[in-house]
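Chain by chain, the residues:
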Amino acid sequence: MVEREVFDKSILVIGGGISGLTTALEAAETGYRVILVEKEAFLGGRVARLNKYYTKLCPPSCGLEINFKRIKRNPNIQYFTLAEVESVSGEEGNYDVAIRVQPRYVNDNCTACGECEKVCVTEIENDFNLGMDKTKAAYLPYQLAFPMKYVLAPEIIGTDEAKKCLDACKYNAIDLGMQSETINVKVGSIVVTSGWKPYDASKIDNLGFGKYENVITNVMMERLAAPNGPTNGKILRPSDGKEVKNVIFVQCAGSRDENHLPYCSAVCCLASLKQATYVREQYQESKVTIFYIDIRAIGRFEDFYTKVQSDENVSFIKGKVAKVEEDPATKDPIVEVEDTLSGEKIKAKADLVVLATGIVPNMSDNKIPVNITCDEFGFAVSDPSKMGIYAAGCAKRPIGVAGAVQDATGAALKAIQSTLRR
Amino acid sequence: MDKKIGVYICSGCEIGESLDIDALAGVATSKYKVPVCKNHPMLCGVEGSSIIRGDIEKEGVNTVVIAACSPREKTNVFSYDPTAISMERINLREHVAWCHTPNDEDTQMLAEDYMRMGLAKAQKMAPLEPFSEEINKTVLVVGGGITGITSALEAARAGQDVVLVEKGPELGGWMAKLWKQYPKTPPYLELQETGIDSRIKEVKSNTKIRIYTGAKIEKTEGAPGLFDVTISQNGKSEAVRVGSIVEATGWQPYDATKLGHLGFGKSPDVVTNIMIEEMAKKGKFVRPSDGKEAKSVAFIQCAGSRDSNHLPYCSSYCCLTSLKQAAYIREQDSDTKVYILYKDMRTPAQYELFYKKVQEDAGVFLTKGEVVGVSEDSDKNLIVDVDNTLLGDRIQIKADMVVLATGMVPSAGIQVKDLPLEEPEGASDEKKKEEKEPPKDFIIPSDILNLKYRQGPELPNLKYGFPDSHYICFPYETRRTGIYAAGCVRQPMDGATCADDAAGAVLKAIQCVELTAQGKAVHPRAGDMSYPDLYMSRCTQCKRCTEECPFGMYNEDEKGNPLPNPTRCRRCGICMGSCPERIISFKDYSVDIIGSMLKAIDVPEEDEEKPRVIAFLCENDAYPSMDIVGRKRLSYNPYMRVIPLRCLGNVNLVWIADALSKGIDGVLLIGCKYGDDYQCHYIKGSELANYRMEKIKETLDRLRLESDRIRILELSIDEYDKLPGIFDDFMETIEKVGPNPYKGF
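Residues numbered from 1 in each chain as written. Chains lettered and ligands numbered in written order. Predicted model: local features only at pLDDT ≥ 70, side-chain atom pairs only at ≥ 80, totals over all residues. Heavy atoms only, no water.

Novice: Would you mind showing me how to read the overall build of chain A here?
Specialist: Check the secondary structure of chain A and you find eight helices and 21 strands. Here chain A has a C-alpha radius of gyration of 23 Å; the compact-globule value for 422 residues is 22 Å, and the two agree. Its C-alpha atoms give chain A principal-axis dimensions of about 65 × 55 × 35 Å. When each of the 422 residues of chain A is scored for burial, the buried share is 63%. Restricting to contacts in chain A with at least 6 residues of sequence separation, those with at least 24 account for 68%. Accessible area for chain A stands at about 15,500 Å²; split by element, carbon and sulfur atoms hold 47% of it. (Helix = DSSP H or I, 4+ residues; strand = E, 2+ residues; numbered from the N terminus. Rg over C-alpha atoms; globule rule 2.2 N^0.38 Å. Buried < 20%, exposed > 50% of the residue type's maximum accessible area, 1.4 Å probe, protein only. Contact = heavy atoms within 4.5 Å. Areas by Shrake-Rupley, 256 points an atom, 1.4 Å probe, with all protein chains shown as cover.)

Right, here's the structure in full:
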């Protein structure tokens, strides 16, 4: 499957989200060779699933398009999708890395014409939309996906359906015999940009996620508002597809909480402010309430907080949400907020409740086989005794996109220094 | 070298099923007399692509025209050395076959027009000759605080020679004034040494780093790879050549004398957080008024920050600094009470754990509220009035000493030199519209770099004086190529972030000289080897190019002639759009090339009732958006002819005039969003296009051509579903306006 010659003595970047893309591109544009490994079928990671960035409210696909264009014209980058690092050995300047690539069942001949999708009837959970809808088992992850190549879901391999896809392809692009393979590379340094995942909201018993349909998470909200999401960008509540007139955001859902994540996830305040604008823009009469502990709109992001505050249909109430229940008749969630100081309890009903769930580093449970020091939460810690392996972005700490890119650019320099020292 | 064009038409992906390929090839071979014209059912396959390579090698084809899928696809297959081969790609798949009726007359006409347009362009494109000059790769770091020191060290570790200039007598900056720093490493609970002394030692002993302290930059001339910097030190001036620059000049505390309402200047016992660091170093927290130990200390957060009368932004370091200083005080004397009065406690990420620890200290009282005033009672105790507390009451706190957590002002935001200021960006949109002034940068003469640039002496500032990038995805984007801001001058940040930021800025500085040395552009057209060539004998010294380049590429001689600095150039082509004499050209992209494309369009006679409209699309956003329209098989009016542009700011008014005089019925321009939250990748290309179109509309009205024939719109890349409607709506307008009276002339 991999026909290209694999680079030697290059920089390995683990994770193809915005941080990994940045580290890879910045190093490659400086003249160094890079191998980028991504476990999903496409590059872009979490940001590809966002509707807009705070605080500019611009679409992430705009910057991704530029980054993909940068990859297309830079021969210094080699990338592997559906791939994970299996093992790493060696030391700064000289690592041996084994990369495991899972079969895509579609090769580089694919023109993304879509004929296989047309004949495919089996549907699978749409991972791009966080399982909120279905996609065909022969699919393009999303319209701007990079690489622009279809994927055949393993579910249909060995069935007649796969055979039908094979027959429909005019370009000999489907290879049902494709096997997973291991690729061995030598690299001089490694940057871990394995990113994050949202905190599992169902662990927060009292907030009703998983129990009540109209309690969703902030990452789901991004998909609901995105033009390429399950509702084509219309914010509709899951239980009945009704338009939402009254939305409550619950901040620190799991974050800043000894029982869940003791740290602050750093992005959720601004994410909720941004999502409040999604709701307000779509529904003129809508009302938004944000229950918070502190609004952390740091630096110049304060301007955005000020702007959202000036919308009189958005209210901010300081208080920790004690629990979320549901009106069984209407499926409206009911939020109970405890004002710890006055002891007063507020009860508020909404069409939709959005839990501002936090950031959990992927390294917390999915150990990458590299020798890197992490804190108790799974965030990488810089360790001067371990030169040659670096981390950037949300693998290091909860951080917004601009911060992650900044960090990833610096990590490219560290990785370059390591290849030079040897 | 003689041009030899090869045309390669792909009939795969429904192209062959919806178009008459032979007729299409006929356009190339008969009208354009193309010597090589071939088609293949899968041009991107091994066989197809080797046909092209074979023709290049054996037939001497040096200009390749590929009529297949979008130029965004299969780029690895259709990739040739741009210094030898010119390539033009015609989008028959996404823009024709996938969204128009198969085998329809109008669909075929559309494809044939695209063929003509592509060929017209190919005929005029020339292989690229990269700009070459002896490039210096030294990195100049301005500022010797934590960011500057780290920048110098990081650059040296990457093998670069470094010149470090600090205006003060010593290195270290604000970091050297701190007693300790708040916890940066697990378990995130204990205060840490700043470590600045060892870094200073390291920087001083590094042979790759030349240090100038007590020095300043008198002037900076030149361009990336060729900067000539004059450094003055001890009354002497020295000229140094460098390749790129990191501006790490840091910040100043907000002037506390402006905080009279918080008691500063009224009582000596109202101090700033900076003064607390000095006290901590001395090991005593005493009242300045009487030298008595302060037994109760009240911190006032956001002193000057998050305040529309002072600094509207959050200074980001003050919450943690006050928590740290509370810990200093409590560690020294466990009887001292500390009050922290805040609006929101902002301790992001793992810093939350330190906040939690301080919160648990019974001697620290954290109160959310608004401080309305600080006064003195008869016993010289300070009284802090706090309103809107969570209890809803107004409370009073009595303290021996009050600490103002003052914020950060970027050094680039402080006007030092007495030069006239331009209007700040976005500050008076209304006014701008009325006067129809082209958008200008906001540059504060802060005496940092003293650039000898036509557009002003310093980096252009964003809001509040930070010379930051406005892009979320590209935080090191700079409007002055080769000059990168880092640390607190760029945005408010803490010491640890400054060190990370230094590494990022240095990477960009090194990348810039490496690309420049190869004659290549930096971001966002990284690697592009084209650069503008000016046909000076036709220049009228109108100065539009020198004023409008978003990157300050042009200097000017005393007569007003533009003096290009190609290594500053980002190849956006906005100057091409600005030039009324059309003298600015790239080898593969020029006013003439695009003009030839639109002149190649076949305009049917009026009685055929087939109007023609040109759509100029930004290739970064609107164009990919239109590819998705194809991918989604959405259909739209087939009378539209799309021309992709590097930036909408390339549109030269002559194109509009040429199109209309040829009988084209309308021109649509679709670019990126502009204004305060601009999305244009070249800062103000789409805004300039808008400004220029305002002007042409007046001209049209005078010529009695309806201004409705021109429409300019903003579109984000994810608004593809709107595109068919935009096209159809514009066509409706054009039909209402009627055929262009110049048709047939």
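Anyway, onward from the coordinates.
Novice: What am I meant to see in the overall build of chain B here?
Specialist: Across its full length, chain B carries 19 helices and 31 strands. Counting only C-alpha atoms, chain B reaches 100 × 60 × 55 Å along its principal axes. A total of 745 residues make up chain B; the buried ones form 63% of that total. Long-range pairs, those at least 24 residues apart, make up 70% of the contacts in chain B with a sequence separation of at least 6.

Novice: Quick question: what am I supposed to make of helix 15 (residues 591-599) of chain B here?
Specialist: Helical geometry: 3.6 residues make up each α-helical turn, so side chains three or four residues apart lie on a common side. Of all nine residues making up helix 15 of chain B, seven are buried, and the element is well covered by its neighbours. Buried within helix 15 of chain B we find B:V591, B:I593, B:I594, B:G595, B:S596, B:M597 and B:L598.

Novice: I keep staring at the pattern of salt bridges and nothing clicks. Help me out?
Specialist: Once the charged atoms of two side chains with opposite charge are near each other, the side chains can pair. Summed over the entire model, instances satisfying the criterion amount to 97 salt bridges over all chains. In this structure, A:R296 engages B:E352 in a salt bridge whose closest nitrogen and oxygen atoms are separated by 2.7 Å. Residue A:R296 is located in the loop between strand 14 (287-292) and helix 7 (302-309), and its partner B:E352 is located in helix 10 (residues 352-360); the two belong to separate chains. Relative accessible area serves as the criterion here: at 4%, B:E352 is assigned to the buried category. With a shortest N-O distance of 3.0 Å, B:D228 and B:R241 are connected by a salt bridge. With B:D228 in strand 9 (residues 227-233) and B:R241 in strand 10 (residues 236-242), the pair connects residues that are 13 residues apart, well separated along the chain. (Salt bridge = Lys/Arg side-chain N within 4 Å of Asp/Glu carboxyl O.)

Novice: Help me understand the packing of helix 6 (residues 268-282) of chain A against helix 7 of chain A, please; the structure alone is not making it clear to me.
Specialist: Helix-helix packing is described using two parameters, namely the angle between the two axes and the distance between the axes. Residue and element names in this part refer to chain A. Across the interface, helix 6 lies against helix 7 with an axial gap of 10 Å and an inter-helix angle of 40 degrees. Comparing the axis directions of helix 6 and helix 7 gives the class oblique. The chirality of how helix 6 crosses helix 7 is left-handed. Only F304, Y305 and V308 of helix 7 make contact with helix 6, whose side of the interface consists of L270, L273, K274, A276 and T277. The class makeup of the residues in the contact of helix 6 with helix 7 is six nonpolar, one polar and one charged. (Axes fitted to C-alpha atoms, helices over the stretch in contact; angles between N-to-C directions. Parallel < 35°, antiparallel > 145°, perpendicular 65-115°, else oblique. Left-handed = near helix turned anticlockwise from the far one by under 90°. Nonpolar A, V, L, I, M, F, W, Y, C, P; charged D, E, K, R; others polar.)

Novice: For this particular structure, what's the right way to read the packing of helix 1 (residues 18-29) of chain A against helix 12 (residues 495-517) of chain B?
Specialist: Where helix 1 of chain A meets helix 12 of chain B, the axes come as close as 9 Å, and the angle between the chain directions of the two elements is 40 degrees. Looking at the two axes, helix 1 of chain A sits oblique to helix 12 of chain B. Residue-level contacts link A:L25, A:E26 and A:E29 of helix 1 of chain A to B:L507, B:K508, B:Q511 and B:L515 of helix 12 of chain B. Its residues assigned to classes, the contact of helix 1 of chain A with helix 12 of chain B comprises three nonpolar, one polar and three charged.

Novice: Sorry if this is basic, but what is going on with the interface of chain B and chain A here?
Specialist: At the junction of the two partners, chain B supplies 87 residues and chain A supplies 79 residues. Area buried by chain B at its contact with chain A is led by B:I472, B:L507 and B:R631, which between them contribute 10% of it. At the junction of chain B and chain A, the tally comes to 15 salt bridges. Salt-bridge contacts for B:K463 lead to A:D303; the nearest nitrogen and oxygen are separated by 3.4 Å. Among the secondary structure elements, those contributing two or more residues to the side of chain B that touches chain A are helix 6 (146-157), helix 10, helix 12 and helix 16 (622-631) of chain B. (Buried area = accessible area lost by both parts, 1.4 Å probe.)

Novice: Explanation requested: a negative patch on the surface in the structure shown.
Specialist: Residue and element names in this part refer to chain B. Taken together, the side chains of D602, E605, E606, D607, E608, E609, D728, E732 and E735 present a region of like negative charge at the surface. Tracing the chain through its elements places D607 in the loop between helix 15 and strand 28 (613-618). Its relative accessible area of 67% is what places D607 among the exposed residues. (Patch = residues over 30% accessible without salt bridge, like charges linked within 9 Å, V, L, I, M, F, W, Y side chains within 5 Å. Lys, Arg positive; Asp, Glu negative; His and termini not counted. Charge placed at Lys NZ, Arg CZ, Asp CG, Glu CD.)

Novice: Even after reading the chapter, I still don't get the nonpolar core, so can you show me in this structure?
Specialist: It is characteristic of soluble globular proteins that their nonpolar side chains tend to be buried jointly. Among the nonpolar cores identified, the biggest contains 259 residues, and B:L92, B:M115, B:F616, B:W655 and B:L669 are the most heavily contacted of them. Among the elements that line this core, the one with the most residues is helix 12 of chain B, at nine residues. Excluding residues within four positions of it along the chain, B:F616 makes contact with B:I594, B:L598, B:I643, B:L645, B:L648, B:V651, B:W655, B:V667, B:L668, B:L669 and B:I670. Residues A:Y263, A:Y283, A:L355 and A:F377 belong to the second largest nonpolar core, which totals 65 residues. (Core = buried A, V, L, I, M, F, W, Y, C linked by side-chain atoms within 4.5 Å.)

Novice: Any chance you could explain the sheet that holds strand 7 (residues 209-212) of chain B here in plain terms?
Specialist: Strands in a sheet are paired, the pairing made by backbone hydrogen bonds, and the direction either parallel or antiparallel. Residues and elements named next belong to chain B. Taken together, five strands build an open sheet; the order of strands is 7-6-5-11-22 and the sheet is parallel. The sheet is open, and its two edges are formed by strand 7 and strand 22 (483-485), each paired on a single side. Each strand of the sheet is rotated relative to its neighbour by a mean of 20 degrees, with strand direction disregarded. Bridge count between strand 5 (residues 139-142) and strand 11 (residues 244-247): four bridges; the pairing is parallel. Within strand 11, the position partnered with V139 by the bridge is S244. Across the sheet, helix 6 lies against strand 5, strand 6 (162-165), strand 7 and strand 11, angled at about 170 degrees from strand 6, the strand it touches most. Contacts between helix 12 and the sheet are confined to strand 5, strand 11 and strand 22, with strand 11 contributing the most and set at about 165 degrees to the helix. (Pairing = 2+ DSSP bridges.)

Novice: Sorry, what's going on with unusual backbone geometry here?
Specialist: The step from A:Y54 to A:T55 runs through a cis peptide bond, and the omega angle for that step is -5 degrees. Relative to the assigned elements, A:T55 resides in the loop between strand 2 (34-37) and helix 2 (60-72). Following B:P186, the chain continues into B:P187 via a peptide bond in cis, with omega recorded as 0 degrees. Position of B:P187 among the secondary structure elements: in the loop between strand 6 and helix 7 (196-205). The backbone of A:A266 sits at a positive phi, close to 70 degrees, despite the residue not being glycine. In this fold, A:A266 is placed in the loop between strand 13 (246-253) and helix 6. In this structure A:A266 comes out as partly exposed when scored by relative accessible area, which is 21%.

Novice: Help me out: how do you make sense of the packing of aromatic side chains in this one?
Specialist: The description of two aromatic rings rests on the distance between their centres and on the angle between their planes. Applying the stated criterion to the full structure yields 22 aromatic pairs over all chains. With a centroid separation of 5.1 Å and 75 degrees between ring planes, the pair formed by B:Y313 and B:F466 is classed as edge-to-face. You can see B:Y313 sitting in the loop between strand 14 (296-303) and helix 9 (318-332) and its partner B:F466 sitting in the loop between helix 11 (429-435) and strand 22, a full 153 residues away along the chain. Residue B:F466 is classed as buried on the basis of its relative accessible area of 0%. With a centroid separation of 6.4 Å and 55 degrees between ring planes, the pair formed by B:F586 and B:Y589 is classed as tilted. Side by side, B:F586 and B:Y589 carry an identical accessibility label, which is buried. Put simply, the rings of A:F42, A:F128 and A:Y142 touch in pairs and so form one group of aromatic residues. A cation over an aromatic ring shows up here: A:K56 above the ring of B:Y678, its NZ or CZ 5.5 Å from the ring centre. One cation-aromatic arrangement involves B:R490 over B:Y476; the distance from NZ or CZ to the ring centre is 4.8 Å. (Phe/Tyr/Trp six-rings, centres within 6.5 Å; stacked < 30°, edge-to-face > 60°. Lys NZ or Arg CZ within 6 Å of the ring centre and 35° of its normal.)

Novice: Could you clarify how one ought to interpret the sheet that holds strand 8 (residues 215-221) of chain B in this entry?
Specialist: All names here are of chain B. Sheet architecture is open: three strands sit in the order 8-9-10, paired in antiparallel fashion. In this open sheet, the two edge strands, each paired with only one partner strand, are strand 8 and strand 10. Taken over all neighbouring pairs, the strand axes of this sheet differ in orientation by 25 degrees on average, direction set aside. By the bridge criterion, six bridges tie strand 8 to strand 9 in an arrangement that is antiparallel. Following the sheet pairing, T220 is matched in strand 9 by V229.

Novice: How should I be thinking about the pairing of strand 3 (residues 77-80) of chain A in this particular structure?
Specialist: Along any regular strand, the residues point their side chains to alternate faces of the sheet. Residue and element names in this part refer to chain A. Burial along strand 3 is two-sided: the face carrying I77 and Y79 and the face carrying Q78 and F80 are both buried. Pairing analysis gives four bridges linking strand 2 to strand 3, with the strands arranged parallel. Pairing of V37 across the sheet is with F80, part of strand 3. A crossover connection joins strand 2 to the parallel strand 3 through helix 2; in handedness this β-α-β unit is right-handed. (Right-handed = clockwise from strand over helix to strand, strands pointing away.)

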